[in-house]
Amino acid sequence: MSTVLDLKGVEVCYGRVEALRGLDLTVGEREIVALLGNNGAGKSTTVSTISGVVRSRAGSITAFGDDITSATPWSIVERGILHVPEGRRIFSRLTVHENLQLGGYTVRDNAVIDKRINEVYELFPRMAERRGQQGGTLSGGEQQMLAIGRAMVAGPRLIMLDEPSMGLAPLVVAQVMEAIVAINQAGASVLLIEQNARAALKVAHRGYVLDSGRVTVTGPADELRADPQVVEAYLGA
Ligand code: ATP
């Protein structure tokens, strides 16, 4: 499997707070990688740094063979690296369809945008039913699906999801995880940030546990599910 994303020794500081202290992490082609850890471990910072929104002060980030350590957020999106942020941030006054159209802002060909929106509707029939509904009136799970759908319209090669299960009922979490598997099967690599380790390790191939900006445990998802440290800290009894 080839590596699509490679972080080496990445360090990030916010003033005096050291959020990442030499992070090494890879994502392989068509791999789902879970990034787990408690509040403040550095998970969101990792994704924001890959997206080019936060700057690292040391280390390197390579994506699809190119050094993107100092690349602009725009050029990172243009490479097919999409970030679905925590809290979803859909446009609440715009309809489902308009939100999806905006996902194609880096795509020049309208026919491609329409084709991808149709793919989103196939994957999420609920979105097709609600295409004329204002985003802000969707349920939490539906908003999450819309946020994922919007990222799909950009044509992601690597999609990074920040806590997609947050605030959702267990059944809806399962639907969102199914959607992530579907995107992956359609060809995208996935970096999945979750506090819900149980849900994430069900769909991930591999995972990392972060603590205070460092990787403490890493391995295949089935090994992590059996790791006593992971079970005690993140999976409960
Ligand atoms: P959570 O699960 O709570 O979202 P996280 O693992 O995503 O946590 P980060 O949000 O990456 O953690 O935060 C890592 C550390 O950096 C924390 O100590 C946090 O307080 C700090 N931090 C994050 N953003 C900023 C900022 N803009 N300014 C100052 N400190 C920050």
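Higher on the page you've got the structure.
Residues numbered from 1 in each chain as written. Predicted model: local features only at pLDDT ≥ 70, side-chain atom pairs only at ≥ 80, totals over all residues. Heavy atoms only, no water.

Let's talk about the site of the ligand
Next up, step 1: Around the ligand, the surrounding shell holds 14 residues, and the nearest of these are Asn 39, Gly 40, Lys 43, Ser 44 and Thr 45.
Next up, step 2: Within the side chain of Thr 45, an N or O atom sits 2.5 Å from an oxygen atom of the ligand.
Next up, step 3: In the environment of the ligand, an oxygen atom lies 3.4 Å from a nitrogen or oxygen atom belonging to the side chain of Glu 163.
Next up, step 4: Calculation on the ligand without its partners gives an accessible area of 630 Å², and the protein chains cover 62% of this total.
Next up, step 5: Secondary structure elements with two or more residues in the shell around the ligand: β2 (17–28) and α1 (43–50). (Near = heavy atom within 4 Å. Polar contact = N/O pair within 3.5 Å; in protein donor to acceptor, adjacent residues only side chain to side chain. Areas by Shrake-Rupley, 256 points an atom, 1.4 Å probe, with all protein chains shown as cover. Helix = DSSP H or I, 4+ residues; strand = E, 2+ residues; numbered from the N terminus.)

Observations regarding the sheet that holds strand β4 (residues 58–63)
Next up, step 1: Pairing within the open sheet is antiparallel, and its 4 strands lie in the order β2-β1-β4-β5. The sheet is open, and its two edges are formed by β2 and β5 (66–67), each paired on a single side.
Next up, step 2: When strand β1 (residues 3–14) meets β4, the two strands line up antiparallel, connected through 5 bridges. The residue bridging Glu 11 from the neighbouring strand is Ala 58, located in β4.
Next up, step 3: Sitting on the sheet, α1 touches β1, β2 and β4, and the angle it makes with β1 is about 115°. (Pairing = 2+ DSSP bridges. Contact = heavy atoms within 4.5 Å. Axes fitted to C-alpha atoms, helices over the stretch in contact; angles between N-to-C directions.)

Thoughts on the packing of aromatic side chains
Next up, step 1: Overall, the coordinates contain 1 aromatic pair when judged by the stated rule.
Next up, step 2: Taking 5.6 Å as the distance between ring centres and 50° as the angle between the ring planes, the aromatic pair formed by Trp 74 and Tyr 105 counts as tilted. Of this pair, Trp 74 sits in helix α2 (residues 73–78) while Tyr 105 sits in the loop between α3 (96–102) and α4 (110–123); the two residues are 31 residues apart in sequence, bridging distant segments of the chain.
Next up, step 3: Its relative accessible area of 44% is what places Trp 74 among the partly exposed residues.
Next up, step 4: Lying across the ring of Phe 64, Arg 157 places its NZ or CZ 3.8 Å from the centre. (Phe/Tyr/Trp six-rings, centres within 6.5 Å; stacked < 30°, edge-to-face > 60°. Buried < 20%, exposed > 50% of the residue type's maximum accessible area, 1.4 Å probe, protein only. Lys NZ or Arg CZ within 6 Å of the ring centre and 35° of its normal.)

What to know about α4
At 3.6 residues per turn, the α-helix brings residues three or four places apart onto the same side.
Next up, step 1: With 14 residues, α4 should cover 20 Å at 1.5 Å per step; its first-to-last C-alpha distance of 20 Å lies within 8% of that length.
Next up, step 2: Packing partners of the buried residues in α4 comprise α3, α5 (125–129) and α6 (140–153).
Next up, step 3: Sitting at the amino-terminal end of α4 is Asp 109, which places a side-chain oxygen 2.9 Å from the backbone nitrogen of Ala 111. (Expected span 1.5 Å × (residues − 1).)

Notes on the packing of α4 against α6
Next up, step 1: Direction vectors running N to C along α4 and α6 enclose 145°, while the axes themselves pass 9 Å from each other. Once α4 is placed against α6, the crossing between them reads as right-handed. The residues of α6 that touch α4, namely those facing Ile 113, Arg 116, Ile 117, Val 120 and Leu 123, are Gly 149, Met 152 and Val 153.
Next up, step 2: Here the residues of the contact of α4 with α6 are counted per class, giving 6 nonpolar, 1 polar and 1 charged. (Left-handed = near helix turned anticlockwise from the far one by under 90°. Nonpolar A, V, L, I, M, F, W, Y, C, P; charged D, E, K, R; others polar.)

Overview of the pairing of β2
Next up, step 1: By the bridge criterion, 9 bridges tie β1 to β2 in an arrangement that is antiparallel. When the sheet's bridge partners are listed, Val 10 is paired in β2 with Leu 23.
Next up, step 2: Remark: 2 residues form the turn of the hairpin made by β1 and β2, two consecutive strands paired antiparallel; Gly 15 in that turn has positive phi of roughly 55°.

Focus: the nonpolar core
Next up, step 1: Counting 50 residues, the largest nonpolar core has Leu 100, Ile 148, Leu 161, Ile 180, Leu 192 and Val 230 as its most contacted members.
Next up, step 2: Sorting elements by how many residues they give to this core places α6 first, with 7 residues.
Next up, step 3: Counting 27 residues, the second-largest nonpolar core is a separate cluster that includes Val 12, Leu 20, Val 54 and Ile 193. (Core = buried A, V, L, I, M, F, W, Y, C linked by side-chain atoms within 4.5 Å.)

A short note on the pattern of salt bridges
Next up, step 1: A full pass over the atoms with the stated rule returns 8 salt bridges.
Next up, step 2: Measuring nitrogen to oxygen at the nearest pair gives 2.6 Å for the salt bridge that ties Glu 31 to Arg 206. Taken together, the residues span a long stretch of sequence, with Glu 31 in the loop between β2 and β3 (32–37) and Arg 206 in strand β9 (residues 206–211) at a distance of 175 residues. Each of the two residues, Glu 31 as well as Arg 206, counts as buried.
Next up, step 3: A salt bridge links Arg 126 to Glu 142, with the nearest nitrogen and oxygen atoms 2.7 Å apart. Linking Arg 126 in helix α5 with Glu 142 in helix α6, this pair joins segments that are 16 residues apart in sequence.
Next up, step 4: Look at Arg 126 and you get partly exposed, because its relative accessible area is 37%.
Next up, step 5: If you follow the salt bridges from partner to partner, you end up with Arg 126, Arg 130 and Glu 142 in one network. (Salt bridge = Lys/Arg side-chain N within 4 Å of Asp/Glu carboxyl O.)

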